[in-house]
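Each chain, written out:
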Amino acid sequence: MTTHVPHPDLPPPSTSIGAIAWLRANLFSSWLNSLLTLGAAYLLYLTIPPLVQWALIDADWFGDSREACESGGACWVFVGVRMNQFMYGLYPETEYWRINLAAILLVLLMVPLFIKRFPWKRWLVPFVLFGYPVIAFMLFSGGVFGLEYVETSRWGGLTLTLILSSVGMAASLPLGILLALGRRSDMPIVKSVSVVIIEFWRGVPLITVLFMSSVMLPLFLPEGTHFDKLLRAMIGIALFQSAYMAEVVRSGLQAIPKGQYEAAQALGLSYWQSMGLIILPQALKLVIPGIVNTFIALFKDTTLVLIIGLFDMLAMIQAALADPNWLGYAIEGLSFAALVYWVFCFSMSRYSLSLERKLHTGHTR
Amino acid sequence: MSDANTSRPDVDASERLMIELRHVHKWYGQFHVLKDINLGVSKGERIVICGPSGSGKSTMIRCINRLEEHQDGQIIVDGTELTDDIKHIDQIRREVGMVFQHFNLFPHLTVLENCCLAPIWVRRMPRREAEQVAMQYLEKVKIPEQARKYPGQLSGGQQQRVAIARSLCMNPSIMLFDEPTSALDPEMIKEVLDTMVELAESGMTMLCVTHEMGFAKTVANRVIFMDGGEIIEQNEPEAFFHNPQSDRTKLFLSQILAH
């Protein structure tokens, strides 16, 4: 009789771990890969140092006129001087505090949502969705509680971008879900109405929608009907994006196995209960990347409101570029716009990844 | 054999039928899948339905809780006739539990949440009470320790037992089983069958589509053989297995009992 002696664990060979092994495996695994690595390194060498030189080292940061920009690098003074307009648009300077207050309030309301076991979460979410917009609207618009009235045409800059996109997102997701459910409905009228809405809004360019809503719509409405331009833009964006959202959600609904619907039915759940408790939670989780994709597109599409005379951040930057005192600083202005949009879009993308990880419940089936 | 007989309480035939199918027909498009099905199930009766695939056995039990719609004839469950009336359908679904071949647990909810969901939302039971009931049934199927896990973390046999517990939480008077062990690895079939035998001994009315003939012999009051959308033969298990009447039943039995 022999006794088995377990083989002791040995350290791996030195060529399979550490930095050198990583380099060999990832950058120089074949001659083609080595060539690509060297080529990419050369391109980075060509572009990165001059960019850093221009944007950071040679750049002018402080001052209040173009005389401060002498060094030949980027003139961030231009962005600094115009910053208020980029952020608040044409909103009266003395009333900036109202926008800041609304922003601080939103941040304070959002922080608890990220705390795992916050006791009043159940009340906070509906409040952020339904209560907060009313407060924010009263703050922005004024006319109540002794606040000076500020008409919507003076709202602008990043504020307007954020208002348009958050309203667009908050409206397009539920609308999209309803349209997606409608499109899969057994009821022929509900189904055909949903299909027509989706295909119509998805088939026209957003510019057309915005242009029609601001130029054509007033022609059809009775004389003297006032219908706020910003509100029309919001409705246009929400309907347009909800059509895209509907198709994203529908793709998720189709991925749910039939057995889930049957199990829900067999337990006696009603249609809305089985959708709300069983199907949608799973379907929406599956299509988080698609939803965030649509949100990011929506966020960037808000720049199109420029054509109906609403001044979002990009429009304010463009207006500043036309200022005779600051001619020739387009690169700085547009770089700043790109950076701001990128920061927002990238945060959304990271948030969606963390959400996916949080909602992952092991092996799905 | 005497053991099997004592574990089989006599069914009172005079009692009202729990399930009654009268001249039920169903078509999938042109395909006539159920042909003039007549069946009465008494309270506490345990019926095993077998037959080749495509014979309509699953379709028949799925008609009983309206997962499939029959196009002709009557289905009456516990005195309520299945019609297009959504109230009748809801009422019947509350009375009838169903266990599926592929378990169909909700993967985004824990085992406990799977069990509590319907009692809370359909029966309007307070959450705490629903959780107590759920734990009782999870203990009955012998997996209370898995209550906080997600279905994806359990084995097939454990998932099917959770599915049985989930149905029982609605306190149904009838249980339908649609090939409950067909998707399981061989070593897990026994744990599920044991649970079903226990359930049978508690007096539950059961309709079970299965090819587990051992289960049929020990538990069933009646075995039904279906083929081509018709009920070909039905009898007590003893007579059904030892003295089949129809040629098709004989052929089927010789095929499944041969190995």
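Residues numbered from 1 in each chain as written. Chains lettered and ligands numbered in written order. Predicted model: local features only at pLDDT ≥ 70, side-chain atom pairs only at ≥ 80, totals over all residues. Heavy atoms only, no water.

Draft legend 1. Representation of the overall build of chain B. A tally of helices and strands in chain B yields 10 helices and 10 strands. Taken along its principal axes, the extent of the C-alpha atoms in chain B is 55 × 45 × 40 Å. Looking at chain B as a whole, 55% of its 259 residues qualify as buried. Of the contacts formed within chain B by residues at least 6 apart in sequence, a portion of 66% connects residues at least 24 apart. Total accessible area computed for chain B in this model is approximately 11,600 Å², and 47% of it derives from carbon and sulfur atoms. Both charge centroids of chain B, one from 28 positive and one from 36 negative side chains, sit 5 Å from each other. (Helix = DSSP H or I, 4+ residues; strand = E, 2+ residues; numbered from the N terminus. Buried < 20%, exposed > 50% of the residue type's maximum accessible area, 1.4 Å probe, protein only. Contact = heavy atoms within 4.5 Å. Areas by Shrake-Rupley, 256 points an atom, 1.4 Å probe, with all protein chains shown as cover. Lys, Arg positive; Asp, Glu negative; His and termini not counted. Charge placed at Lys NZ, Arg CZ, Asp CG, Glu CD.)

Draft legend 2. A look at the nonpolar core. Among the nonpolar cores identified, the biggest contains 123 residues, and Leu253 and Ile278 of chain A together with Leu21, Ile49 and Leu207 of chain B are the most heavily contacted of them. Per element, the largest residue contribution to this core is 11 residues, and it comes from helix α9 (residues 229-255) of chain A. The two domains that each donate at least three residues to this core are domain 1 (95-150) and domain 2 (161-359) of chain A. Setting aside its immediate chain neighbours within four residues, Leu207 of chain B contacts Ile19, Val41, Ile47, Ile49, Ile61, Ile64, Met175, Leu176 and Phe177 of chain B. (Core = buried A, V, L, I, M, F, W, Y, C linked by side-chain atoms within 4.5 Å. Domains from an automatic or database assignment.)

Draft legend 3. Structural detail: the interface of chain A and chain B. With 21 residues of chain A in contact, the opposing surface of chain B contributes 23 residues. By the criterion of area lost to chain B, the three top residues of chain A are Ala266, Leu267 and Thr361 of chain A, representing 28% of everything that side buries. Of the charged contacts, one joins Arg62 of chain B and Glu262 of chain A as a salt bridge, the two residues approaching to 2.6 Å between their closest N and O atoms. Counting every contact that joins chain A to chain B gives 6 residue pairs in polar contact (both at pLDDT 80 or more). The set of elements that each furnish at least two residues to the side of chain A that touches chain B consists of α10 (258-266) and α11 (271-286) of chain A. At 8 residues, the largest contribution of residues to the side of chain A that touches chain B is made by α10 of chain A. Among the residues forming the side of chain A that touches chain B, the class breakdown is 8 nonpolar, 9 polar and 4 charged. (Buried area = accessible area lost by both parts, 1.4 Å probe. Salt bridge = Lys/Arg side-chain N within 4 Å of Asp/Glu carboxyl O. Polar contact = N/O pair within 3.5 Å; in protein donor to acceptor, adjacent residues only side chain to side chain. Nonpolar A, V, L, I, M, F, W, Y, C, P; charged D, E, K, R; others polar.)

Draft legend 4. Structural detail: the domain arrangement of chain A. When the domains of chain A are assigned, the result is domain 1 (95-150) and domain 2 (161-359). Placing a centre on the C-alpha atoms of domain 1 of chain A and another on those of domain 2 of chain A gives a separation of 22 Å.

Draft legend 5. A look at the sheet that holds strand β8 (residues 205-209) of chain B. Residue and element names in this part refer to chain B. Strand order in this open sheet of 6 strands is β6-β7-β8-β3-β9-β10, and the pairing throughout is mixed. In this open sheet, the two strands that pair with only one neighbour each are β6 (96-99) and β10 (230-235). When the angles between neighbouring strand axes are averaged without regard to direction, this sheet yields 20°. Strand direction decides the pairing type here: strand β3 (residues 46-50) and strand β9 (residues 222-227), joined by 4 bridges, are parallel. Looking across to β9, one finds that Ile49 is bridged to Ile224. Sitting on the sheet, helix α2 (residues 57-64) touches β3, β6, β7 (174-178), β8 and β9, and the angle it makes with β7 is about 150°. With respect to the sheet, helix α10 (residues 247-257) is in contact with β3, β9 and β10, its orientation differing from that of β9 by roughly 100°. (Pairing = 2+ DSSP bridges. Axes fitted to C-alpha atoms, helices over the stretch in contact; angles between N-to-C directions.)

Draft legend 6. Examining α11 of chain A more closely. A maximum bend of about 45° is found in α11 of chain A at Ile279 of chain A, where proline Pro281 of chain A lies one to four positions downstream. All of the buried residues along α11 of chain A are Gln273, Ser274, Met275, Leu277, Ile278, Ile279, Leu280, Gln282, Ala283 and Lys285 of chain A. (Bend = angle between axes of the 7 residues up to and from the residue.)

Draft legend 7. Examining unusual backbone geometry more closely. Residues and elements named next belong to chain B. In this structure, His23 takes a positive phi of about 50° despite not being glycine. Mapped onto the secondary structure, His23 falls in strand β1 (residues 17-28). Look at His23 and you get partly exposed, because its relative accessible area is 47%. Look at Asp36: it is not a glycine, yet its phi comes out positive at around 50°. Relative to the helices and strands, Asp36 resides in strand β2 (residues 31-42). On the basis of relative accessibility, which here comes to 38%, the residue Asp36 falls in the partly exposed class.

Draft legend 8. Structural view of the sheet that holds β1 of chain B. Residues and elements named next belong to chain B. Here we have 4 strands laid out as an open sheet, ordered β2-β1-β4-β5, and antiparallel in their pairing. If you trace the sheet from one side to the other, it starts and ends with β2 and β5 (80-81), each paired once. Pairing of β1 with β2, which is carried by 8 bridges, proceeds in the antiparallel orientation. Following the sheet pairing, Leu21 is matched in β2 by Leu39.

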